[in-house]
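One letter stands for each residue in the lines below.
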Amino acid sequence: MGPEWVAIIALVALFVIGTLLPINMGALAYVAAWLVGMYALELDEKEILAGVSGDLILTLIGVTYLFAIARNNGTVDLIVRSAVRAVGGRVALIPWVMFFVTALLTAIGAASPAACAIIGPIALGFAGRYRISPLMMGMFVVHGAQAGGFSPISIYGIITNSVMEDAGLPSNEIVVFLSSLIVNFLLAVVLFAVLGGRELVSRRIDADEAQGPDTLTEDLHRGGASIPARGTGATTATPTQSLGVRSDQVLTLVAFVAVAVIALAFDKNIGFVAITAAVILAMLSPNQHKDAVKQVAWPTVLLVAGVSTYATILTTAGSPEFVGTWAAGLGAAALGALILCYVGGVVSAFASSTALLPVIIPIAVPLIADGGINAALFVAALAVSSTIVDVSPFSTNGALMLANRPDTISEPVYYKQILTYSVIVVVLGPLLVWAALVLPHW
């Protein structure tokens, strides 16, 4: 058995184990990288560890550290409350507020599960209070997270663009971002039309009730007595009773804008810029943010570090070329691209999208090189196919929506609704994304 097969079998094994057992897939990937590297490829340990991207890890730490500070000082809560008040008494706008606020959070650097954990309980609280479809509201939050999830300064965007650069592919950050934004927005439009959104248009609530500060606090508690935080054990700041903006919140908002401008306009490393902004904010309020570093998405850091290391092992073993050659041998590169989109969708419905992206993108290199497929659009198709399925109840985001269901619907019913919708997305999503992004440009 050649090393390419050993690497592929080990990859399948770590995904299966990581899905069935509550073990961080990054830790599993490190074990697989060590065993395959040492005994199938005869690499020494320094060569194996050379696969991890220090730039990517710094970026993940810096961005999530900055976002943790924004959660601590109530800046995230300020964004949410301001958006909710802006809808006045128009019930039909509430789901869209949740969609775009979640998209904004992931676009500025929040991990997708973190954004869903913050907004999900609020959104589902509104669903129960104002008789909005819980399925629509929950899926709006998840699709919103994915809509903003591929911005150039987001975690998904950083991972995707870094992997493309490492693989020698011509990247287009805007194409990848807009592809995810548009696809998830269109899915939200369909959900709105099918699940009673048109009926909501004619409904109004008392303006004072919609805009009163106590209403949001009550809805926060109706959506869940405590908002679930990330796996790091982080807690969420208690909502205040006023929309007044404090100076530290203004500084945090300025920091977000500054990070985006400096990183994009001046082409500076986003990791260094974000962690610098976070340290400055922490120095200005050291007691308030002394525990913010504990809220960094360390499980995600381990996940990405381990998987990116194993992705290098896959490349060294020749597995991407092997799979790409097989897919190209099917008679059409476009067909191979469709298969890879389905592989991404099916695997990600049960496993981590963050872990999958660094693996599946390098596999596409031979198809891009030999099949005449547009690199940016193909990668965008893979990225979208691998993340729209995070509505699955087996994924972190889908599970969060299930866990925070309103009292107006039973758990078995809500589970069945989410499962049915996720099956539809897994079956049709990759095909439609491939048909829209890959096929016309092949």
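Look a little higher up for the structure.
The paragraphs below set out a description of the structure included in this document.

Cut-offs used in this document
Residues numbered from 1 in each chain as written. Predicted model: local features only at pLDDT ≥ 70, side-chain atom pairs only at ≥ 80, totals over all residues. Heavy atoms only, no water. Helix = DSSP H or I, 4+ residues; strand = E, 2+ residues; numbered from the N terminus. Buried < 20%, exposed > 50% of the residue type's maximum accessible area, 1.4 Å probe, protein only. Contact = heavy atoms within 4.5 Å. Areas by Shrake-Rupley, 256 points an atom, 1.4 Å probe, with all protein chains shown as cover. Patch = residues over 30% accessible without salt bridge, like charges linked within 9 Å, V, L, I, M, F, W, Y side chains within 5 Å. Salt bridge = Lys/Arg side-chain N within 4 Å of Asp/Glu carboxyl O. Axes fitted to C-alpha atoms, helices over the stretch in contact; angles between N-to-C directions. Parallel < 35°, antiparallel > 145°, perpendicular 65-115°, else oblique. Left-handed = near helix turned anticlockwise from the far one by under 90°. Expected span 1.5 Å × (residues − 1). Arc of directions from axis to C-beta. Phe/Tyr/Trp six-rings, centres within 6.5 Å; stacked < 30°, edge-to-face > 60°. Core = buried A, V, L, I, M, F, W, Y, C linked by side-chain atoms within 4.5 Å.

A tally of helices and strands in the chain yields 23 helices and 0 strands. In the chain, which comprises 442 residues, the proportion classed as buried is 57%. Put simply, of all contacts in the chain between residues at least 6 apart along the chain, 81% involve residues at least 24 apart. As displayed, the chain has an accessible area near 17,800 Å², and 67% of this comes from carbon and sulfur atoms.

The subject of this paragraph is the environment of Trp298. Within the fold, Trp298 resides in helix H16 (residues 298–317). Residues Trp298 and Ile61, 237 residues apart in the sequence, show an inter-C-alpha distance of 7.8 Å.

Turning next to a nonpolar patch on the surface. Together, Phe100, Ile174, Leu178, Ile182, Phe185, Leu186 and Val189 give the surface a local cluster of nonpolar side chains, amounting to about 600 Å² of exposed area. Locating Phe185 in the fold gives a position in helix H10 (residues 173–194). For Phe185, a relative accessible area of 33% puts it in the partly exposed group.

The next subject is the packing of helix H4 (residues 54–72) against helix H15 (residues 270–284). Contact pair H4 / H15: the axes reach a minimum separation of 7 Å and the direction vectors enclose 30°. Accordingly, the angle class assigned to the pair H4 and H15 is roughly parallel. Crossing of H4 over H15 shows left-handed handedness. Here Leu58, Thr59, Ile61, Gly62, Val63, Tyr65, Leu66 and Ile69 of H4 lie close against H15, whose contacting residues are Ile270, Gly271, Phe272, Ala274, Ile275, Ala277, Ala278, Val279, Leu281 and Ala282.

In this section: helix H22 (residues 396–403). Listed in full, the buried residues belonging to H22 are Asn397, Gly398, Leu400, Met401 and Leu402. Where the residues of H22 are buried, they touch helix H7 (112–129), helix H8 (134–147) and helix H23 (411–437).

Okay, helix H1 (residues 3–20) next. Given 3.6 residues to a turn, an α-helix orients residues that are three or four positions apart in the same direction. Here H1 is 18 residues long and its end C-alpha atoms lie 26 Å apart, about the 26 Å a rise of 1.5 Å per residue gives. Taken together, the buried positions of H1 are Glu4, Ala7, Ile8, Ala10, Leu11, Leu14, Phe15 and Gly18. Angular distribution of buried residues about the axis of H1 spans 160°; they occupy a single face of the element.

Contact pair helix H6 (residues 94–107) / H8: the axes reach a minimum separation of 7 Å and the direction vectors enclose 30°. Taken together, H6 and H8 sit at an angle that is classed as roughly parallel. The crossing of H6 and H8 is right-handed. Within the contact between the two elements, H6 uses Ile94, Pro95, Trp96, Met98, Phe99, Thr102, Ala103 and Thr106 and H8 uses Met136, Met137, Phe140, Val141, His143, Gly144, Ala145 and Ala147.

Its place among the elements puts Thr160 in helix H9 (residues 155–166). According to the relative accessible area criterion, Thr160 is buried, its value standing at 0%. Placed 220 residues apart in sequence, Thr160 and Ala380 show a C-alpha to C-alpha distance of 8.9 Å. Look past the residues within four positions of Thr160 in its chain and what remains in contact with it is Phe150, Val176, Leu357, Ile361 and Val379.

Counted by the stated rule, this structure contains 12 aromatic pairs. Centre to centre, the rings of Trp96 and Phe185 are 5.5 Å apart; their planes meet at 45°, and the pair counts as tilted. With a gap of 89 residues between them, Trp96 in helix H6 and Phe185 in helix H10 connect regions that are remote in the sequence. Ring centres of Phe126 and Tyr130 lie 5.8 Å apart, and the angle between their planes is 20°; this geometry places the pair in the stacked category. Assigned by exposure class, Phe126 and Tyr130 land together as buried.

Phi at Glu42 is positive, roughly 60°, even though this residue is not glycine. Using a relative accessible area of 71% as the deciding quantity, one classes Glu42 as exposed. Positive phi is not limited to glycine here, since Arg131 has a value of about 55°. Note that Arg131 resides in the loop between H7 and H8.

Tallying each qualifying case throughout the model produces 3 salt bridges. Between Glu199 and Arg203 there is a salt bridge; the shortest N-O distance is 3.5 Å. Residue classification places Glu199 among the partly exposed positions, given a relative accessible area of 44%. Across the pair Arg246 and Asp248 runs a salt bridge whose closest N-O atoms are separated by 3.2 Å. Look at Asp248 and you get buried, because its relative accessible area is 15%.

On to the nonpolar core, then. In this structure, Tyr310, Phe378 and Met401 are the most contacted members of the largest nonpolar core, which totals 142 residues. Once residues within four sequence positions are removed from consideration, Phe378 is found in contact with Ala337, Leu340, Ala364, Leu367, Ile368, Ile373 and Val438.

We now examine the environment of Leu303. Looking at the element boundaries, Leu303 is found in helix H16. For Leu303, a relative accessible area of 10% translates into the label buried. Each C-alpha atom of the pair Leu303 and Met25 lies 5.8 Å from the other, and the pair is 278 residues apart in sequence. Ignoring sequence-local partners within four residues, the contact set of Leu303 consists of Asn24, Met25, Gly26, Ser352, Thr354 and Ala355.

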